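# Structural overview for review
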Amino acid sequence: MEIIFLLLPISVLFAFLALGAYLWSVRSGQLDDLETPAVRVLFDDDEQQ
Amino acid sequence: MNVAESDTQKQESQSVRICAHCRTPLSTRDEKFCCGGCELVFNTIHSLGLSGFYKLRAGTDGEGTEQIPTLKSYAYLSDPEISAQISKELPNKLTEVRFYLPTIHCAACVWILEKLPFVLEGVSSSRVSLATGQIELVLDQQSISLEKLASFMHSLGYPPVPATDSLISSEDKRIKRSFLMRIGVAAVCAANTMMLSDSLIESFFTGMEPEFLTLFMWASAIIALPAVIWSAAPFYRSALSTLLTGRVHIDLPISIAIIASYSTDLFTVISGRGHVYFDSITCLIFLLLLGRYAQWNALSRSRASTATTWDLFPVTARVKVGSDFVDKPLQEIHAGDVVLVRPEERIPVDGSVYAGTSMVDSSLLTGESLPQHAQAGDAVLGGTFNIDGSLEIVVQYTGVQTRLGKVLESIKTHQGNTIPIEDQANKISGYFTVSVLGLSVACFVIWYLIDPIKALPITISLLVITCPCALGLAVPASVAVALAQARKVGVYIRNPSAMSLLPEARKFYFDKTGTLTTGKLSVSDEIDSEKYLSLVRRLARASARHPVSLALDVFASSIEEAPLGSYRHVGGKGVEGYTVDGRTISLGSYRWFIERQIFIPEHIGAALDRWLSHTMTVSLLEIDKRTVCAFALSDSLHPHSQKVISALKSLRKEILILSGDAQPVVNAIGHSLGIENSVIRGDLYPWQKRDVLRGELSQTVYVGDGLNDAQAMQAAGVGIALKGGIESALEAADIYIATGDGIEGFYRTLRGAQKLKGIIYRNLTFSLLYNVIGATLAIAGYVTPLLAAILMPLSSLIVILSSALPTYFRKES
């Protein structure tokens, strides 16, 4: 089970990489508007004629 | 059978039909739209191939849209100085501009507005934010002017308001991002420490090799660090700052719990033996941050400002230059200039009438429900509404020197004086803090004497389990949910302390016009009118702008209009014309009839005298120079007023009325609601209302509906604005109610505030109980990390559910 000494730090690293990506997305303003994107899902793709 | 089919069948057989565009109920069978505005928008939308709008709207939460506001001039957007304030130059000659759209509210709105680039030449991108109610457009000003763009949006039903810096809050953005980042970090730390502690807890039962134990302990300590040092920093800051001012804030026990627990757990890890609570600590940080964020978010959305001084003062006016009238920005207009104000426009200046006659609606400033006659020599005020005639006005004051300007200025300067939140909840938290600290010290000392090794761990477990988590969520969770629910039903709570002051208040002051009454004229009496209703209706519809005409039209709405030979509208007086068989006919004011010396039969004259002595408005109809019938109109009581006032009385609240309308009129309304004369005051200007309230102690509530109430609202303990025509009252009001049912909405809010208070107490009681039990267990030495890890989130969950499940603003039957 000594492998855990390697695995644990690596998984934690991955966790923090993911966190880093999240922080980047917050700073670049992607989470500023959480309401409108939810509503955009309802739009159909077909453009009007 | 297709369900959809039977639904439409059902709708057609029902007698209530609605406007195809704005969905307000229609008064007659054969119409498809409620007004020309809706019809125009409907056709515009279809002709642009955007009928998907209606399909989309049907599928989403269908709250009726408002009726299309009358078209106004956006010419001011062509002024380079003004457009520079609201737009930004982009590379490749494009311009980015932001507008605030007060009427936006659903998915279909977003869809149609984001289709603008496809229907308008020159607009390259359009992005809407439902949360803030704003639209961001990129356009090429060579192909399309801002003025055209704004007019087009208006024609679709979304009159745009320029978004100056005060509307785009970069401060709010910063706070939101800060919250989200801290929550994210806390979440990751909590999740990972929880995983590790899962193993650690298992190890109590099954045992674990010491090297792995060390690894997991150290790993937990390190992973928890970012949460403790960075995510929780706001707690430390506020605890410290309130401590320095000598007050005790709930963030103090929170900060102590976190720091003390972490440091001793770290010590435990270094020394290699004992229990650690890293997962409870990080979970505490995460949950508390989440609660704070929910509360802040709900509050900032309720505060969405619709303040628009742009709406009140036209930005340009038509000034006489030589023999022509030229459009000029308001800043360039001076005392002595002559401005032209056309029907259905707002008067831009304080001044006196030089030429023309019209009816002027000054309810904005005085609350007077009846429009007043204005002719050469009469004084007029800026911000009031010119109804039906053209007026040439000699300018006396402009801008901040007008009466309205002064009122707006005084609102702005008093903006910051909101009452600090001295909730009882905080007081209780204060006592709690002190008790827990005292208890921890006592606990430590006692255990040290009994069994020194156990002293520290037990004290730490005491701090962790009495975690102010439940207590820290008791208020934010319920306030957040209450605010969010309020917003959904149309109650915008801008100042949360108002919710705690409202149930406590004793004295309730009400405005009359628009608050206790509908603010609209309706026919309350008539004489001899049956035979003539069809003619009356035709004449009334000919001058549909006037409140009297509207009231007469509604009164005669079940009758078919009779044809007329011809007719002519006479500004400020009425409508005159010829019947199909050539007789003269006119409908209008008493004054006009007297001017033209039209004969009035004695029985009608007697009725007129009676009505006028009750200060009602009268309208007469003559045929062939002989008065044949007459109507009395007055402001009618709001359908819910009686019920609400009785309910308030049964709650033993004191009810008073302050109004700008004439004393006898206000007295009459007061009587019908069972309120004595001694507490009714009429003929008050806005600043006089304010003075009355200033003389009172803080437990007052003022309920009003317009700008003329704004100063009073600020002076009262709690200022409540019912949706009126002017959104600027929102700036001054602590609570803004747009539920659509007027004073009923106010009552629901009062009940909601009482319910919120009840729930907060319930939460506090529960968390105190939980803490007592937890503390007992901890002091007795029974609290292990497992128990702490279970109890703490459980207590938070219970508080959250207790806050989130109830309905705060139920519609009472």
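## Here's the deal with the overall build of chain B
The helix and strand inventory of chain B stands at 31 helices and 28 strands. Expressed as a percentage of the 813 residues in chain B, the buried residues total 52%. Summarising the internal contacts of chain B: among those between residues at least 6 apart in sequence, 68% fall at separations of at least 24. For chain B, the accessible area works out to roughly 36,200 Å², and carbon and sulfur atoms hold 57% of it.

## Focus on the overall build of chain A
Scanning chain A for helices and strands turns up 2 helices and 0 strands. Of the roughly 3,600 Å² that chain A leaves accessible, carbon and sulfur atoms contribute 68%.

## Quick word on the environment of His638(B)
Residue and element names in this part refer to chain B. Following the sequence through the fold, His638 ends up in the loop between β23 (626-637) and α25 (641-650). Taking the C-alpha atoms as reference points, His638 and Ile743, 105 residues apart in sequence, are found 7.8 Å from one another. Sequence-distant contacts of His638, defined by excluding residues within four places in its chain, comprise Thr515, Leu516, Thr517, Thr518, Asp741, Gly742 and Ile743.

## Things to note about the side chain of Asn771(B)
All names here are of chain B. Turning to its location among the elements, Asn771 is positioned in helix α30 (residues 743-779). Look at Asn771 and you get buried, because its relative accessible area is 4%. At a separation of 2.7 Å, a polar atom in the side chain of Asn771 contacts the main-chain carbonyl oxygen of Ser767.

## Digging into helix α9 (residues 210-231) of chain B
Residues and elements named next belong to chain B. The terminal C-alpha atoms of α9 lie 31 Å apart, and with 22 residues this matches the ideal 32 Å at 1.5 Å per residue to within 8%. Remark: the principal bend of α9, roughly 35°, maps to Ala224, with a proline, Pro226, within the next four residues. Buried within α9 are the following residues: Phe212, Leu215, Phe216, Met217, Ala219, Ser220, Ala221, Ile223, Ala224, Ala227, Val228 and Ser231.

## Points about helix α26 (residues 663-672) of chain B
Residues and elements named next belong to chain B. Of the residues making up α26, those classed as buried are Val665, Val666, Asn667, Ile669 and Gly670. In this structure, the buried residues of α26 make contact with α20 (512-516), β18 (517-527), β23, β24 (654-658) and β25 (680-681). Positive phi appears at Gly674, one or two residues downstream of α26, with a value of about 80°.

## A short note on the pattern of salt bridges
Residues and elements named next belong to chain B. Tallying each qualifying case throughout the model produces 16 salt bridges over all chains. In this structure, Glu504 engages Lys757 in a salt bridge whose closest nitrogen and oxygen atoms are separated by 2.7 Å. Remark: Lys757 occurs in helix α30 and Glu504 occurs in helix α19 (residues 497-504); sequence separation between them is 253 residues. On the accessibility criterion, Glu504 (32% relative accessible area) is partly exposed.

## Description of empty space enclosed by the protein
Residues and elements named next belong to chain B. Per the counting criterion, the structure on display carries 2 cavities of 30 Å³ or more. When its volume is computed, the largest cavity comes out at roughly 50 Å³. As for the largest cavity, its lining consists of 10 residues, and the residues nearest its centre are Ala257, Ser261, Ile281, Leu284 and Val464. Elements represented by at least two residues in the lining of the largest cavity include exactly α11 (251-271), α12 (278-302) and α17 (452-465). In this structure, the second largest cavity encloses a volume near 30 Å³. Pro253, Ala257, Phe432, Val436, Leu463, Thr466 and Pro468 are the residues that line the second largest cavity. Where the lining of the second largest cavity is concerned, the elements lending two or more residues are α11 and α16 (424-450). Split into classes, the residues belonging to the lining of the second largest cavity amount to 6 nonpolar, 1 polar and no charged.

## A short note on the packing of aromatic side chains
Within a pair of aromatic rings, the relevant descriptors are the distance that separates the centres and the angle that separates the planes. Residue and element names in this part refer to chain B. Across all of its chains, the model carries 10 aromatic pairs over all chains by this definition. Between Tyr293 and Trp296 the ring centres are 6.3 Å apart and the planes differ by 25°, which places this aromatic pair in the stacked class. Of the two residues, Tyr293 and Trp296 are both situated in helix α12; the distance of 3 residues between them amounts to about one turn of the helix. The exposure classification of Tyr293 matches that of Trp296, with both residues buried.

## Some words on the interface of chain B and chain A
The partner chain A presents 27 residues to the 35 residues of chain B that form the contact. Taken together, both faces of the contact between chain B and chain A bury some 2,700 Å²; the carbon and sulfur share is 68%. Where chain B packs against chain A, one counts 2 salt bridges. The salt bridge involving Arg177(B) is made with Asp32(A); its shortest N-O contact spans 2.6 Å. At the junction of chain B with chain A, the criterion picks out 6 residue pairs in polar contact (both at pLDDT 80 or more). Those elements that provide at least two residues to the side of chain B that touches chain A are α5 (107-114), α6 (116-119), β3 (123-129), α8 (170-206), α9 and α12 of chain B. Here the side of chain B that touches chain A gets 10 residues from one element, more than from any other, and that element is α8(B). Considered class by class, the residues forming the side of chain B that touches chain A number 22 nonpolar, 5 polar and 8 charged.

## A closer look at the confidence of the model for chain B
Reading predicted coordinates in detail is not appropriate for stretches of low pLDDT. All names here are of chain B. Here chain B averages 79 in pLDDT, and 85% of its residues register 70 or above. Looking at the elements of chain B, mean pLDDT is at its lowest for helix α1 (residues 3-13), recorded as 43, and at its highest for α9, recorded as 93. Taken as a whole, residues 1-14 scores under 50 in pLDDT and shows 3 contacts with residues more than four places along the chain or in a different chain. Here residues 415-422 is modelled with pLDDT under 50, and outside its nearest four sequence neighbours on either side it reaches 12 contacts, counting other chains as well. On the interface metric, ipTM, the complex scores 0.89, and its pTM is 0.69.

## Details of the sheet that holds strand β19 (residues 564-570) of chain B
All names here are of chain B. Across the sheet, which stays open at both edges, the 6 strands sit in the order β18-β23-β22-β21-β20-β19 with antiparallel pairing between neighbours. The two strands at the open ends of the sheet, each matched to only one other strand, are β18 and β19. Between one strand axis and the next, the sheet turns through 20° on average, direction left out of account. Those strands touched by helix α22 (residues 547-555) are β18, β21 (584-588), β22 (617-623) and β23, and its axis lies near 60° from that of β18. Packed on one face of the sheet, helix α24 (residues 602-613) meets β18, β22 and β23 and runs near 20° to β23.

## Points about the sheet that holds strand β11 (residues 358-361) of chain B
All names here are of chain B. Taken in spatial order, the 4 strands line up as β9-β14-β11-β12 in an open sheet, and their pairing is antiparallel. The sheet terminates laterally at β9 (345-346) and β12 (372-374), the two strands that pair on one side only. Pairing of β11 with β12, which is carried by 3 bridges, proceeds in the antiparallel orientation. Looking at β12, one finds that Val360 is bridged to Gln372.

Criteria and cut-off values
Note on numbering: residues in each chain are counted from 1, in written sequence order. As a convention, the first chain written is A and the first ligand written is 1, with the rest following in written order. pLDDT decides what is reported in this predicted model: residues at 70 or higher carry local features, side-chain atom pairs at 80 or more are listed and counted, and totals for whole chains, interfaces and linings draw on all residues regardless. By convention in this description, side-chain values take in all heavy atoms of the structure and omit both hydrogens and water. Numbering of helices and strands runs from the N terminus; a helix is a DSSP stretch of H or I covering at least four residues, while a strand is a stretch of E covering at least two. Buried means the residue's accessible area, taken with a 1.4 Å probe over protein chains only, is under 20% of the maximum for its type, while exposed means over 50%, and partly exposed covers the values in between. We call two residues in contact whenever any of their non-hydrogen atoms come within 4.5 Å of each other. Residue exposure ignores everything except the shown protein chains as possible cover, and the areas themselves are Shrake-Rupley values with a 1.4 Å probe. Definition of a polar contact: a pair of N or O atoms within 3.5 Å, with one able to donate and the other able to accept a hydrogen when the atoms are protein atoms, and with sequence-neighbouring residues admitted only if both atoms are side-chain atoms. Take the residue count of a helix, subtract one, and multiply by 1.5 Å to get its expected span. Think of it this way: the bend at a residue is just the angle between two axes, each fitted to seven residues, one set ending at that residue and the other starting at it. Every case where a carboxyl oxygen of Asp or Glu lies within 4 Å of a side-chain nitrogen of Lys or Arg is listed as a salt bridge. Cavity and pocket criteria rest on a 1 Å grid covering protein atoms alone: a 1.4 Å probe that fits but cannot get out defines a cavity, protein on both sides within 12 Å along at least 5 of 7 lines defines an open pocket, and an atom within 4 Å of a point defines a lining residue. Grid points are joined across faces, edges and corners, and a volume is the space filled by probe spheres set on the points. Ten residues, namely Ala, Val, Leu, Ile, Met, Phe, Trp, Tyr, Cys and Pro, are considered nonpolar, four, namely Asp, Glu, Lys and Arg, are considered charged, and the remaining ones, Gly among them, are considered polar. In this analysis, rings of Phe, Tyr and Trp, with Trp reduced to its six-membered ring, are considered paired at centre separations within 6.5 Å, and the interplanar angle assigns stacked below 30 degrees, edge-to-face beyond 60, and tilted for intermediate values. In this description, buried area is defined as the sum, over both parts, of the accessible area (probe of 1.4 Å) that is lost when the two are combined. The pLDDT score gives, residue by residue, the confidence of the prediction method on a 0 to 100 scale. In this analysis, strands are considered paired if DSSP registers two or more bridges between them. Orientation is described by lines fitted to C-alpha atoms, with helices fitted over the stretch in contact, and by angles between N-to-C directions that extend from 0 to 180 degrees.

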